[in-house]
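A closer look at the structure
Spelled out, the chains give:
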Amino acid sequence: MYSRFALALECGNIEIALESARALDDKECWDKLSDMALAQGNHQVVEMAYQRTKNFSRLSFLYLITGNMERLKKMVKIAEIRKDTASHYHNALFVGDVRERIKILRTSGQGPLAYLTAVTHGLTEEAEEIKQSLGEEEMAIAVHPRAKLLRPPPPILQSDQNWPLLTTTRSFFEQSATARTAGGPKLVADFDAVVKVEGGWEDDEEVILDEEGLPAAVGEEGEDDEEGGGWDAGDDDLELPDLEPGSASVSEGYFVPPTKGTSQAQVWCNNSQLPADHAAAGSLETAMRLLHDQIGIVEFAPLKPLFMQAYSTARTSFVALASLPPLFTYPHRNWQDAGAKKGLAAVGLQLGTLVQRLQSAYQLATQGKFNDAVSKFRLILHGVPFIVVENRQELTEAQQLIGICREYILGLSMEVSRKELPKVSYSFCLVLCQQ
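Remember, predicted model here, so these are calculated numbers, not experimental data. Position numbers for residues count from 1 along each chain, tracking the sequence in the order it is written. With pLDDT at 70 or above as the cut-off, local features in this predicted model cover only qualifying residues; side-chain atom pairs require 80 or more to be listed or tallied, and sums for whole chains, interfaces and linings still use all residues. Side-chain numbers here rest on the full set of heavy atoms in the structure, without hydrogens or water.

Note on conventions: DSSP H or I runs of at least 4 residues are helices, E runs of at least 2 residues are strands, and numbering of each starts at the N terminus. Scanning the chain from terminus to terminus reveals 19 helices and 2 strands. A total of 435 residues make up the chain; the buried ones form 30% of that total. The contact definition used throughout considers only heavy atoms, calling two residues in contact when any of these lie within 4.5 Å. Nonlocal contacts in the chain, meaning residues at least 24 apart in sequence, comprise 52% of its contacts between residues at least 6 apart. Computed with the Shrake-Rupley method and a 1.4 Å probe, the accessible areas treat only the protein chains shown as cover for residues. For the chain, the computed accessible surface area is about 29500 Å², with 54% contributed by carbon and sulfur atoms. For each residue, the accessible area found with a 1.4 Å probe, counting protein chains only, is set against the maximum for its type, and the residue is called buried under 20%, exposed over 50%, and partly exposed in between.

What follows covers helix α6 (residues 69-82). To estimate how far a helix should reach, multiply one less than its number of residues by 1.5 Å. With 14 residues, α6 extends 20 Å between its outermost C-alpha atoms, agreeing within 8% with the 20 Å of an ideal straight helix rising 1.5 Å per residue. Among the residues of α6, those classed as buried are Leu72, Met75, Val76, Ile78 and Ala79. Buried residues of α6, seen end-on, are gathered within an arc of 170° and therefore sit on one face of the element. Turned more than 90 degrees off the buried face of α6, the exposed positions are Glu70 and Lys77. Of the residues one or two after α6, Lys83 is the one with positive phi, at around 60°. As used here, the arc is the angular range of directions from the helix axis to the C-beta atoms.

So, on to the packing of helix α5 (residues 56-66) against α6. It is at 9 Å that the axes of α5 and α6 come closest, and there the two elements cross at 160°. Compared by their axis directions, α5 and α6 come out roughly antiparallel. The handedness of the crossing between α5 and α6 is left-handed. Between α5, through Phe56, Leu59, Ser60, Tyr63 and Leu64, and α6, the contact on the second element is made entirely by Arg71, Leu72, Met75, Ile78 and Arg82. Polar here means any residue outside two lists: the nonpolar Ala, Val, Leu, Ile, Met, Phe, Trp, Tyr, Cys and Pro, and the charged Asp, Glu, Lys and Arg; Gly therefore counts as polar. Of the residues that constitute the contact of α5 with α6, the class distribution is 7 nonpolar, 1 polar and 2 charged. All axes are obtained by fitting lines to C-alpha atoms, using only the stretch in contact for helices, and the reported angles, taken between N-to-C directions, cover 0 to 180 degrees. When an angle is under 35 degrees it counts as roughly parallel; over 145 it counts as roughly antiparallel; between 65 and 115 it counts as roughly perpendicular; any other value is oblique. Handedness of a crossing follows from how the near helix is turned relative to the far one, being left-handed for an anticlockwise turn of less than a right angle and right-handed for a clockwise one.

A few words now on the nonpolar core. In a soluble, globular protein the nonpolar side chains are often hidden away together inside. Counting residues in each nonpolar core, the largest one holds 30 residues, and the members touching the most others are Leu303, Phe307, Phe377, Phe386 and Leu401. What Phe386 contacts, discounting residues up to four positions off in sequence, is Ala276, Ala279, Leu291, Leu303, Leu306, Phe307, Val347 and Leu349. Nonpolar cores are built from buried Ala, Val, Leu, Ile, Met, Phe, Trp, Tyr and Cys residues. Side-chain atoms within 4.5 Å join them into one set. Grouped together as the second largest cluster of nonpolar side chains are 26 residues, Val46, Met48, Leu59 and Leu72 included.

The set of residues buried in helix α7 (residues 85-95) consists of Ser87, His88, Asn91, Ala92 and Val95. Burial along α7 is one-sided: seen end-on, the buried residues are contained in an arc of 135°.

Two rings belonging to Phe, Tyr or Trp (six-membered ring only in the last case) form a pair when the distance between their centres is within 6.5 Å. Interplanar angles under 30 degrees mark stacking, angles over 60 mark edge-to-face geometry, and anything in between is tilted. Enumeration according to the criterion identifies 5 aromatic pairs in this entry. Ring geometry for Tyr362 and Tyr408: centres 5.4 Å apart, planes at 50°, overall tilted. Within this pair, whereas Tyr362 is found in helix α16 (residues 351-366), its partner Tyr408 is found in helix α18 (residues 392-420), the two being separated by 46 residues in sequence. Each member of the aromatic cluster is reached from another via a ring pair, and the members are Tyr362, Phe377 and Tyr408. Here, a charge over a ring means that NZ of Lys or CZ of Arg falls within 6 Å of the ring centre while also lying within 35 degrees of the ring normal. For Arg315, the ring lying beneath its charged end belongs to Tyr311, and the centroid distance is 4.1 Å.

Okay, unusual backbone geometry next. Positive phi outside glycine occurs at Asp25, with the angle close to 50°. Here Asp25 is to be found in the loop between α2 (14-24) and α3 (27-39). The phi torsion at Lys54 lies on the positive side, around 55°, for a residue other than glycine. Tracing the chain through its elements places Lys54 in the loop between α4 (43-53) and α5.

Glancing now at the confidence of the model for the chain. When pLDDT drops low, the exact placement of atoms in the prediction is not to be read closely. Confidence in the prediction of the chain, expressed as mean pLDDT, is 77, and 76% of residues score 70 or more. pLDDT: the predictor's confidence for each residue, scored from 0 to 100. Looking at the elements of the chain, mean pLDDT is at its lowest for helix α11 (residues 172-178), recorded as 58, and at its highest for helix α17 (residues 370-383), recorded as 92. Within the model, pLDDT remains below 50 along residues 182-209, and this stretch shows 52 contacts once partners closer than five positions in the same chain are excluded. Contacts of residues 243-251 to residues separated by more than four positions or lying in other chains number 3 contacts, the stretch itself having pLDDT below 50.

Note on definitions: salt bridges are taken to be side-chain nitrogens of Lys or Arg within 4 Å of carboxyl oxygens of Asp or Glu. Under the defined criterion, the tally for this structure stands at 13 salt bridges. In this structure, Asp31 and Lys27 form a salt bridge, with 3.1 Å as the shortest nitrogen-oxygen distance. Placement of the pair is Asp31 and Lys27 together in helix α3, with a separation of 4 residues, close to one helical turn. A relative accessible area of 24% means that Asp31 is categorised as partly exposed. Here the salt bridges share partners, and the residues they tie into one network are Glu80, Glu100 and Lys103.

Attention now goes to the environment of Ile104. Mapping Ile104 onto the fold places it in helix α8 (residues 98-107). On a C-alpha basis, the gap between Ile104 and Thr85 in space is 7.3 Å, while along the polypeptide they are 19 residues apart. Residues in contact with Ile104, not counting those within four places in the same chain, are Thr85, His88, Tyr89 and Ala92.

Our next topic: the side chain of His88. Within the fold, His88 resides in helix α7. When sequence neighbours within four positions are dropped, the list of residues in contact with His88 reads Val76, Ala79, Glu80, Glu100 and Ile104.

On to the environment of Val416, then. Examined against the element boundaries, Val416 turns out to sit in helix α18. Between the C-alpha atom of Val416 and that of Phe370, which follows or precedes it by 46 residues, the distance is 6.9 Å. When near neighbours in sequence (up to four residues on either side) are disregarded, Val416 contacts Phe370 and Asn371.

Moving on, we get to the packing of α16 against α17. As a packed pair, α16 and α17 sit with axes 8 Å apart at the nearest point and diverge in direction by 165°. Between α16 and α17, the interaxial angle falls into the category roughly antiparallel. Handedness of the α16/α17 crossing: left-handed. Contact with α16, carried on its side by Leu354, Arg357, Leu358, Ser360, Ala361, Tyr362, Leu364 and Ala365, involves Phe370, Asp372, Ala373, Lys376, Phe377, Leu379, Ile380 and Gly383 of α17 and no other residues of that element.

The structure is reproduced here in structure tokens:
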């Protein structure tokens, strides 16, 4: 039976694994079943496994992430009956029951903490009652002025249903193994039985097994006990079913997963040979290769902030539901005629932005801040490969911008280096010139 349970876990068959775990009734089997069911999103089997193993901490967290506040409140009562103070307090935190937390702290001898909890959450009557029972030394505490109400947000949508799974055809062996079972297993356990801690959990249903260790079918007629003839030598005309791929029809439950489409980021890479588009798509390797092939860049460390800026400004995100991760959208610069496969990334760094930075660099050079001006000009020069020009005029302006930055960087760097040289006399300079 344990081998059957292990094989069912390997195949991901939760139903057969559940039947085997009921028959074995071993804590290790229930733990493995709960891990596998949790990976498949089968919350009902996970709940049953945690109840059988009395794993109250994980059971409480399961109810928390699924938004089942009704059963989470029952877990508070169960922890109180079990006299598990830590679990009792944690469940009270999950539920957001402030008065229950104050009661737990007072019962545990944590009067000052109970007083702080009551004052922070605006429970003045409870705070005054606790204050009268505390001594002078215990009252030497001050409430933090920035203390805020600590309450978990209520769940918007309770997700107690199992995750949907893709329907695929059963193989010949799976059909023969499951055909003998009349009904499916009971997945939802009676939660009210958990409250009876002293009596333990409810007893399992009696599982009747046959000689091969499989559950016997309910209401099955008497079977023929005579031995079969097996594969007789005279069965030459035996016809085997055709099991070629694709022979199953849709009516038999055959499911073909949809073909994965092309992401907009990949579309940008396919439609453009500009490093800015590849950096916006997140394809940094191809962006670096293009920069090397087109303008000969070999050191990419100074360009890392520009890569990250291009990637972050090329997409937007919005929240659909509070329980779901944010969704991303990909704005296009050619949105009027982009379509599904002709889009180009909306580049955040524009030529006008670099021209504005150029004016700031001019001011730094005029003020004599040569080191800051050199850094500014170099930043402008690094940003030129990440802009997109629309016409020949913008192309000419970008080329002029490269020349201006190059000349200023060279001249200002020479001036900075000259100032760093040691001061010498005029006569010594004449001797150096003569030599």
